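Chains, contacts and geometry: an overview
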Amino acid sequence: MDYKALYNEWLNAPQLGAEGKRELESISADEKQIEYRFGAELEFGTAGMRGIIGYGTNMMNVFTVRRATQGLAEYVKSLGAAAMKRGVVISYDTRRKSDEFAKAAAGVLAANGIVAWLFTDVHPVPMLSYAVRRLGTVAGIMITASHNPKEYNGYKVYGEDGAQMSPEPTAEVVGYIQKITDYFSVKEAAGSKLIKKVPASVDKSYYKKLTKLTLSPEAVKKEGKTLKLVYTPVHGSGYVPVTTILKKMKINVTVVPEQVKKDTEFSTVEVPNPEFKETLSMGIALAEKIHADVVFGTDPDSDRLGVAIKNDKGEFVALSGNQVGILLLDYILTRLKEEGKLPANGVVVKSFVTTGMAKAICEDFGVELVDVPVGFKFIGEKIKEYEKTGEKTFLFGFEESCGYLRGTEGSRDKDAVVASLLCAEMVCYYTYTRQSVYGRLMDIYAKYQYVLDRNVSIKFEGLNAMKEMNAVVDSLKTKKAEKFDIYNVTAVRDYSASVRRLADGSEEALDIPKTNAVYYELENGGFICVRPSGTEPKLKIYYSVRAKDEEAAEKAFAKLQAAFEAFMKA
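About the thresholds
Residues numbered from 1 in each chain as written. Predicted model: local features only at pLDDT ≥ 70, side-chain atom pairs only at ≥ 80, totals over all residues. Heavy atoms only, no water. Helix = DSSP H or I, 4+ residues; strand = E, 2+ residues; numbered from the N terminus. Rg over C-alpha atoms; globule rule 2.2 N^0.38 Å. Buried < 20%, exposed > 50% of the residue type's maximum accessible area, 1.4 Å probe, protein only. Contact = heavy atoms within 4.5 Å. Lys, Arg positive; Asp, Glu negative; His and termini not counted. Charge placed at Lys NZ, Arg CZ, Asp CG, Glu CD. Salt bridge = Lys/Arg side-chain N within 4 Å of Asp/Glu carboxyl O. Core = buried A, V, L, I, M, F, W, Y, C linked by side-chain atoms within 4.5 Å. Expected span 1.5 Å × (residues − 1). Arc of directions from axis to C-beta. Phe/Tyr/Trp six-rings, centres within 6.5 Å; stacked < 30°, edge-to-face > 60°. Lys NZ or Arg CZ within 6 Å of the ring centre and 35° of its normal. 1 Å grid on protein atoms, 1.4 Å probe; cavity = no way out; pocket = protein on both sides within 12 Å on 5 of 7 lines; lining within 4 Å. Points joined across faces, edges and corners; volume = space filled by probe spheres on them. Nonpolar A, V, L, I, M, F, W, Y, C, P; charged D, E, K, R; others polar.

Tallying secondary structure elements over the protein chain gives 19 helices and 23 strands in all. Relative to the compact-globule value of 25 Å for 570 residues, the protein chain shows a C-alpha radius of gyration of 24 Å, a close match. When its C-alpha atoms are laid out on the principal axes, the protein chain stretches across 65 × 55 × 50 Å. Put simply, the protein chain has 570 residues, and 57% of those count as buried. Within the protein chain, residue pairs in contact and separated by at least 24 positions form 69% of the contacts whose partners lie at least 6 positions apart. Positive and negative side-chain charges in the protein chain, numbering 77 and 75 respectively, have mean positions lying 5 Å apart.

Structure, rendered in structure tokens:
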């Protein structure tokens, strides 16, 4: 069926309802919109599905949510009666229609005879991840579009280990979804006894587990009450858990009052992404007013943490995700070593586009560093592997996009609640030892050399955005790269083929899940990586430049970027 016929089918479907009918009638003369909405189906990938809220097969709406949930339900039923009884736990954040989509998912599961545990209020990704294991469910659903603009929502699926569902079962779920061609045929059983409330004991247990992750209780006890910490949940689901854990630690926290409200429009920010300094601007303004020490901000589903600290001039600077990761990695390994608790088989896991400085730090502490593809589920896969074999002890996992996780007792996804605990404790520790966090960061740069990490996004539009982005990456695989400005290329990694090609022409296999990305290793320890985003229509280019200081790194980056962009166009 072509997209016009599909549009008319939806427009005339009695199940569509008044809201949907009005919306589709409003685009009757907009050919481009009709094609976008009905010319494709919203893709269910390894991170679930994410899209603009609206009616159509390529949009986030109750019908696409029901269809996806029916696919998940078929998978759960294939596992047997015991799995159906264990059920699925569902959470949601503060986005438009999040609660509606969560209830619809619960209704579909119940209609299939599957127990659905539904949170009664917004809860973040890490608490959903924890609830999966605490309740012993076979899967979990999180309704969120994470840090995306307000127009988006999404649907993430978790496996029984609390990590995002791994590729194999995801493929099975997708197979079931694709068999459902009638979006209006999926039924709900709203009000079913199979829909249960997640008990409050789950929240209490989560906080109790987190308090066991503390590394510097003495420093927190001495400095926590006088520490001035400003926090903004940016209208998201982090407000209750982040303030709760900080108060349990007896750390003084001041919340940005205008950004506590569960606002579906995120009206005080342009984009609810704490990676951007602009998103933290109200928190920084309040911090300057009350002479605070540090600013935290979390995204709508509270899996990302943004941090701003004072530099040596007393001015607030927003740290990048890589810088926060460096600081946390150094702090965790330092404290474990000081306490004699650094295990000989300890391992740190990061995405391969995350800062190259992690390697130098881990080597210095004698800790193994493992690279995985972008997506925290791959870190979760490693945690599961290490638990199964017992050969390695997971210490810390992080991504450059402000995602961090320590320990295995709480979440199996990136956790801004844990990260808030660790960062607050870290500030207390350095205050206690008469050092600033900024000073420690400068010491790290002085010890391991300065590393500038930066990424550039190129936006694509239309139905073929993903195809066009992949084509750009594919074109790079056949182009010979020997040098970018002054930097020689020592090896090229083709992650789609799991192969590393060295400058001398030899090849070696990469033991890593396949993904479409090209990675250029530079002779001084830096890199360039190109990959399509898996959650938004953007081609991402990552640069990591190593130099003697920040000024030299900035100059080198400008030359490196110009050389690489010319290479891409050639």
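From this point on, the discussion continues.
The next point concerns the pattern of salt bridges. All chains considered together, the criterion is met by 36 salt bridges. The shortest N-O distance in the salt bridge between Glu74 and Lys77 comes to 3.5 Å. Note that Glu74 and Lys77 are positioned in helix H4 (residues 62–78) at a spacing of three residues, about one turn of the helix. For Lys77, a relative accessible area of 30% translates into the label partly exposed. A salt bridge links Lys414 to Glu399, with the shortest nitrogen-to-oxygen separation between them at 3.9 Å. Taken together, the positions of Lys414 in the loop between strand E15 (403–406) and helix H16 (416–432) and Glu399 in strand E14 (residues 393–399) put the pair 15 residues apart, joining distant regions of the chain. By the burial criterion, Lys414 is buried, and Glu399 matches it.

Structurally, Asp303 can be placed in the loop between strand E9 (294–298) and strand E10 (305–310). Looking at Asp303, the relative accessible area reads 1%, which means it is buried. Beyond its immediate stretch of four places on either side in the chain, Asp303 contacts Val125, Ser146, Lys156, Cys402, Gly403, Lys414, Asp415 and Ala416.

In terms of nonpolar packing, the biggest core is built from 107 residues, with Leu229, Phe484, Tyr520 and Phe564 touching the most fellow members. No other element matches H16, which puts 13 residues into this core. Among all residues touching Leu229, those that are not within four sequence positions of it are Leu246, Ile251, Asn252, Val253, Thr254, Val294, Phe296 and Ala424. By size, the runner-up hydrophobic cluster in this structure holds 51 residues, among which are Leu11, Val76, Leu118 and Ile143.

Bringing helix H18 (residues 465–476) into the picture now. In this model, H18 (twelve residues) spans 17 Å end to end at C-alpha, consistent with the 16 Å of a helix rising 1.5 Å per residue. Every buried residue of H18 is accounted for by Ala465, Met469, Val473 and Leu476. Buried residues in H18, looked at end-on, bunch into an arc of 70 degrees, giving them a common side. Looking at the buried side of H18, the elements it contacts are strand E21 (518–522), strand E22 (527–532), strand E23 (538–547) and helix H19 (550–569).

One non-glycine residue, His291, adopts positive backbone phi at about 60 degrees. Among the secondary structure elements, His291 is positioned in the loop between helix H12 (281–290) and E9.

Counting across every chain of the model gives 27 aromatic pairs. For the pair Tyr520 and Phe567, a centre-to-centre distance of 6.1 Å together with 85 degrees between the ring planes defines the contact as edge-to-face. Of this pair, Tyr520 sits in strand E21 while Phe567 sits in helix H19, and the two are 47 residues apart along the sequence. Assessed through its relative accessible area of 0%, Tyr520 is described here as buried. Ring pairing ties together the aromatic residues Tyr7, Trp10, Phe38, Tyr55, Phe63, Tyr183 and Phe184, which thus form one cluster. Arg454 extends its terminal NZ or CZ atom over the ring of Phe557, reaching a point 5.0 Å from the ring centre. Above the ring of Phe567, the side-chain terminus of Lys479 is found at 4.7 Å from the ring centroid.

Turning our eyes to something else, we now look at the environment of Gly297. Residue placement: Gly297 occurs in strand E9. Aside from chain neighbours lying at most four places away, what touches Gly297 is Tyr231, Thr232, Pro274, Leu280, Arg304, Leu305 and Gly306.

The next subject is the environment of Arg67. Considering the arrangement of structural elements, one finds Arg67 in helix H4. In this structure the C-alpha to C-alpha distance between Arg67 and Ala105, which are 38 residues apart in sequence, comes to 9.2 Å. Beyond its immediate stretch of four places on either side in the chain, Arg67 contacts Glu41, Ile177, Gln178, Ile180, Tyr183 and Val186.

Within this structure, the stated rule accounts for two cavities of 30 Å³ or more. Of the voids in this model, the largest cavity is the one considered here, and its volume is about 50 Å³. Lining the largest cavity we find Val294, Phe296, Val307, Ile309, Leu319, Val324, Leu327, Cys423, Met426, Val427 and Val437. For the lining of the largest cavity, the secondary structure elements donating two or more residues are E9, E10, helix H13 (321–338) and H16. No other element matches the three residues that H16 contributes to the lining of the largest cavity. The residue inventory of the lining of the largest cavity, partitioned by class, reads eleven nonpolar, no polar and no charged. A volume near 30 Å³ is recorded for the second largest cavity. Considering the residues around the second largest cavity, the lining is formed by Gly356, Met357, Val451, Gly525, Gly526, Ser544 and Arg546. Grouping the constituent residues of the lining of the second largest cavity by class yields two nonpolar, four polar and one charged.

This next bit is on helix H8 (residues 167–178). Since the α-helix packs 3.6 residues into each turn, any two residues three or four apart lie on the same face. For H8, spanning twelve residues, the distance from its first C-alpha to its last is 16 Å, which sits close to the expected 16 Å at 1.5 Å a residue. Turning to H8, its buried residues number three or more, namely Pro169, Thr170, Val173, Val174 and Ile177. Buried residues of H8 fall within an arc of 145 degrees about the axis and therefore sit on the same side. Across from the buried face of H8, at angles greater than 90 degrees, the exposed residues are Glu168, Ala171 and Gln178. Tucked inside the fold, the buried residues of H8 contact H4.

The analysis is restricted to geometry; functional conclusions fall outside its scope.
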